[in-house]
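# Residue-level structure breakdown
Read off the chains here:
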Amino acid sequence: MKKSYLLLLLYFICFTQTGFTQINNQLLSVIEQEVNENSQLEILAHELLDIIGPRLVGTPQMQQAHDWALTKYTNWGIPSQNEQWGEWRGWERGITHIDMVYPRIQTLKGTQLAWSPSTGKKGVTAELVVLPTVADSNEFNKWLASVKGKLVMISMKEPTGRPDYNWEEFATPESFEKMKKERDLYEDEWSRNMQRTGYDRRSLPLALEKAGASGIVTSYWSKGFGANKIFGANTEKIPTIDLELEDYTMLYRMVEVGDRPKISIKALSKELGAVPTFNTIAEIKGSEKPNEYVILSAHFDSWDGGTGATDNGTGTLVMMETMRVLKKLYPNPKRTILVGHWGSEEQGLNGSRAYVEDHPEIVGNIQAVFNQDNGTGRVVQISGGGFLNSYDYISRWLSAVPEEVTKHIETIFPGMPASGGSDNASFIAAGAPAFGLSSLNWSYGSYTWHTNRDTYDKIIFDDVKNNVLLTAILTYMASEDPDVASKERRALPINKKTGEQGTWPSPRSPNRKGGL
Ligand SMILES: [Zn+2]
C-alpha cells in the first residue's frame, strides 16, 4: 500500500514536472474501436501468407511481399519505399515430390531445403543408406567410397515421434523415464560417432557430395507432432531434402534391417543469379518534431518450410495494422512514426543492421523502437532493454493502454540489452532505446518457429489484435511525450564465468552479399 502510494506520488511529480499535459482519451477509445471493430488483420494475413507465401531472402516471393506492402501503404495514404541494402543469391522453390518406390509405393511427406540444388526434371531415384558406426575418421573415409549413387540419410533416427508432453500425459512414469534415458544414451552415442567421422553437420553433406552421393536426406524434428524445422542446404550440386519424422524413421528402420528401400525425388528449384535485397520503410511525418522517431519494427522475411505465419507474419501484421489505424485516426503525430519491415533477419539481422548503419541521422534521434518477433501470442513481457530510466517512460506510456491488455504484461526494468535474437538488438547496439514486445508462446518453439507448420491456421487473431492496440497506444504515447526518452545505460553485471564487467553490445555490419 505504502509503496504504491509512493509510486503514485512519484508518478504525479514526473507528470507535472514534465508538463505532460493530456492524454486524449477520446482518441484512445476510437483507436480501440478501430482495432476491434474494423480489423484488417485477416485479409492482410490472407494476402501475405496464403497468396504470396513464405518470404525467404533472395526469392521472388520476398520481392512480391515488398511490392505488396508498398501497395498497401499507398492505399492507406502512407508514403513508403523499398530501400535496397544489399544483394543475395536468387533462388526459387519449385515442386517437391518424394516417393518411396521400393519395397512398395508410398508418397512421402518432405521438402527440399532452402537453396538446395535442383534434381532436374528427371529427378533422382536411388537406394538409401545410413551413416555407419565407425571407430575413427579413417574408417569413415573408407566407407565414403560406398556412397556413390546412393541417397544418404544423415539425421539421427528419433526413438519416438510423440512429443514429451504426450508421453507425460499417458505413459506410466517408469516408461517415460525409461524412454528418456534410452534416448539420452542414443543421442550421446550419435554425436560421439559423428565426432569420430571427423565431420560435422555442415561439412558432412559436402564430403558425401564429393564422394559421389546422389542426394542427402535429413529430418530435423521440432519435437511436435508432424513438425520439422526447415533451414538451408549445405550441398552445392546434389539435392538435400528433409523428410517428416514418420517417413524418415520408417525408411531408416528399413535400411537397418536390410530391406534396401529406394526413393524417388523431384525437387525443381531454380537459380536466379544475384538479386537485390530490401527493407520496406513507411512513415507518417511528425508535425512538431519530424526529426525524432518512433519506430515500429518487425522482420518481413521468413524461412520457407511453412508460410512464415508466426515468424514473422504476425509481427508484420501488427505493425502494418498499427500504421493503418494511426494514419486514419492520428495522422499528425508530434514525432515521425516510421515502420521498418526488415529483410533477411533470419540470416543474422541483416536488414535492420544495414538500416542502422545507413541511417545514423535517424538512429541518433529515436524516441523508441517497438519490435515484435516471437509469435502470434498476446504480449506478456516488456523489458527495459538495459536503459536505466526506461521504467519512467515505459510505465508512463503503458499507463494509457487498456487494462485488458496490460494485465497480461510483466515489465522488467531496467532489463538487459539484447545482443541478438531479433531486430531490436540492431538498434540497441547503436544505443537507441529499442524494446521487444514479447509474446505468449503458443508452442512457438516446437510447432511453428522455422517449421513446416508455421501457417495461417496457427494465428490467434484476438491476440494479434491485442498487440495492435498495445503497439498503437505505446506509439501514440511515445510520440506525444514532451520529453525525449533517456538513453542512459545501466551498468551491466559482472559476468560470473569471466569475472569481468559486462559490456554493451556494439553495432555489427550486415551481410550485404549473401550466398554469392
Ligand atoms: Zn523471427
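Residues numbered from 1 in each chain as written. Predicted model: local features only at pLDDT ≥ 70, side-chain atom pairs only at ≥ 80, totals over all residues. Heavy atoms only, no water.

### A closer look at the pairing of strand β2 (residues 96-102)
- As judged from the 6 bridges shared by β2 and strand β11 (residues 262-267), these two strands associate in the antiparallel manner. The partner of Tyr-102 across the bridge, within β11, is Lys-262.
- In this sheet, strand β3 (residues 106-108) lies alongside β2 in antiparallel orientation, the contact comprising 3 bridges. Considered in β3, the bridge of Met-100 is made with Gln-106.
- Here β2 folds back onto β3, and the loop between the two strands holds 3 residues. (Pairing = 2+ DSSP bridges. Helix = DSSP H or I, 4+ residues; strand = E, 2+ residues; numbered from the N terminus.)

### With respect to the sheet that holds strand β12 (residues 270-284)
- In space, the 9 strands of this open sheet follow the order β17-β16-β18-β15-β13-β14-β12-β1-β19, with mixed pairing throughout. Only two strands of the sheet have a single partner each, and these edge strands are β17 (410-412) and β19 (513-514).
- Both β12 and strand β14 (residues 335-342) contribute to a ladder of 5 bridges, which runs antiparallel. Pairing of Glu-283 across the sheet is with Leu-338, part of β14.
- Here helix α4 (residues 60-75) sits on the sheet in contact with β1 (80-92), β12 and β14, set at roughly 165° to β1. (Contact = heavy atoms within 4.5 Å. Axes fitted to C-alpha atoms, helices over the stretch in contact; angles between N-to-C directions.)

### A closer look at empty space enclosed by the protein
- Scanning the entire structure with this criterion turns up 2 cavities of 30 Å³ or more.
- In this structure, the largest cavity encloses a volume near 60 Å³.
- Per-class residue counts for the lining of the largest cavity are 1 nonpolar, 7 polar and 3 charged.
- Empty space within the second largest cavity amounts to approximately 30 Å³.
- Along its surface, the second largest cavity is lined by Met-156, Lys-157, Glu-158, Ser-219, Trp-221, Leu-245, Tyr-248 and Thr-249.
- Residue contributions to the lining of the second largest cavity peak at 3 residues, all from helix α9 (residues 245-257).
- Its residues assigned to classes, the lining of the second largest cavity comprises 4 nonpolar, 2 polar and 2 charged. (1 Å grid on protein atoms, 1.4 Å probe; cavity = no way out; pocket = protein on both sides within 12 Å on 5 of 7 lines; lining within 4 Å. Points joined across faces, edges and corners; volume = space filled by probe spheres on them. Nonpolar A, V, L, I, M, F, W, Y, C, P; charged D, E, K, R; others polar.)

### Some words on helix α8 (residues 203-210)
- Those residues of α8 lying buried are Leu-204, Pro-205, Ala-207, Leu-208 and Glu-209.
- As for α8, its buried residues are in contact with α5 (137-144), β6 (151-153), α7 (173-197) and β7 (215-218). (Buried < 20%, exposed > 50% of the residue type's maximum accessible area, 1.4 Å probe, protein only.)

### Some remarks on the pattern of salt bridges
- Scanning the model with the defined rule gives 23 salt bridges in all.
- The residue Arg-378 makes a salt bridge to Asp-463 at a minimum N-O spacing of 3.2 Å. Note that Arg-378 is positioned in the loop between β15 (366-371) and β16 (379-383) and Asp-463 in helix α17 (residues 461-480), a separation of 85 residues in sequence. (Salt bridge = Lys/Arg side-chain N within 4 Å of Asp/Glu carboxyl O.)

### Section: the side chain of Glu-244
- Inspection of the secondary structure assignment puts Glu-244 in the loop between β10 (240-243) and α9.
- Looking at Glu-244, its side chain comes within polar contact range of the side chain of Arg-453, at 3.5 Å.
- Those residues in contact with Glu-244, other than ones at most four positions away along the chain, are Lys-109, Ser-219, Gly-226, Asn-228, Asn-452 and Arg-453. (Polar contact = N/O pair within 3.5 Å; in protein donor to acceptor, adjacent residues only side chain to side chain.)

### Here we look at the environment of Gly-215
- Along the polypeptide, Gly-215 turns up in strand β7.
- Relative accessible area serves as the criterion here: at 0%, Gly-215 is assigned to the buried category.
- Counting along the chain gives 146 residues from Gly-215 to Ala-69, while the straight-line C-alpha distance between them is 38 Å.
- In this view, Gly-215 contacts Lys-150, Leu-151, Val-152, Ile-238 and Pro-239; residues no more than four positions away in its chain are not counted.

### Describing the confidence of the model for the protein chain
- Confidence in the prediction of the protein chain, expressed as mean pLDDT, is 95, and 96% of residues score 70 or more.
- Scored below 50 in pLDDT, residues 8-19 makes 8 contacts in the model with residues more than four places away or belonging to other chains. (pLDDT = per-residue confidence, 0-100.)

### Digging into the nonpolar core
- Tyr-73, Phe-370, Trp-397, Phe-427 and Leu-474 are the most contacted members of the largest nonpolar core, which totals 79 residues.
- A total of 11 residues in this core trace back to one element, the largest contributor, which is α17.
- Not counting residues up to four positions away in its chain, the partners in contact with Phe-427 are Ile-295, Trp-342, Ser-352, Tyr-355, Val-356, Val-363, Ile-366, Val-369, Ala-432 and Ala-434.
- Val-130, Trp-143, Leu-144 and Leu-204 belong to the second-largest nonpolar core, a separate cluster that totals 38 residues. (Core = buried A, V, L, I, M, F, W, Y, C linked by side-chain atoms within 4.5 Å.)

### Brief notes about the sheet that holds β3
- Taken in spatial order, the 8 strands of this open sheet run β3-β2-β11-β5-β6-β7-β10-β4, and their pairing is mixed. One side of each edge strand has no neighbouring strand; the edge strands of this open sheet are β3 and β4 (110-112). Between one strand and the next, the sheet's axes are offset by a mean angle of 30°, whatever the strand orientation.

### Some remarks on the packing of aromatic side chains
- By the definition in use, this model includes 20 aromatic pairs.
- Note on Phe-387 and Phe-435: the rings are 6.2 Å apart at their centroids and 70° apart in plane angle, and the pair reads as edge-to-face. With Phe-387 in the loop between β16 and α13 (390-398) and Phe-435 in strand β18 (residues 434-439), this residue pair connects regions lying 48 residues apart in the sequence.
- Seen in terms of ring centroids, Phe-387 and Trp-504 are 5.3 Å apart; in terms of plane orientation they differ by 70°. Their pairing is edge-to-face. (Phe/Tyr/Trp six-rings, centres within 6.5 Å; stacked < 30°, edge-to-face > 60°.)

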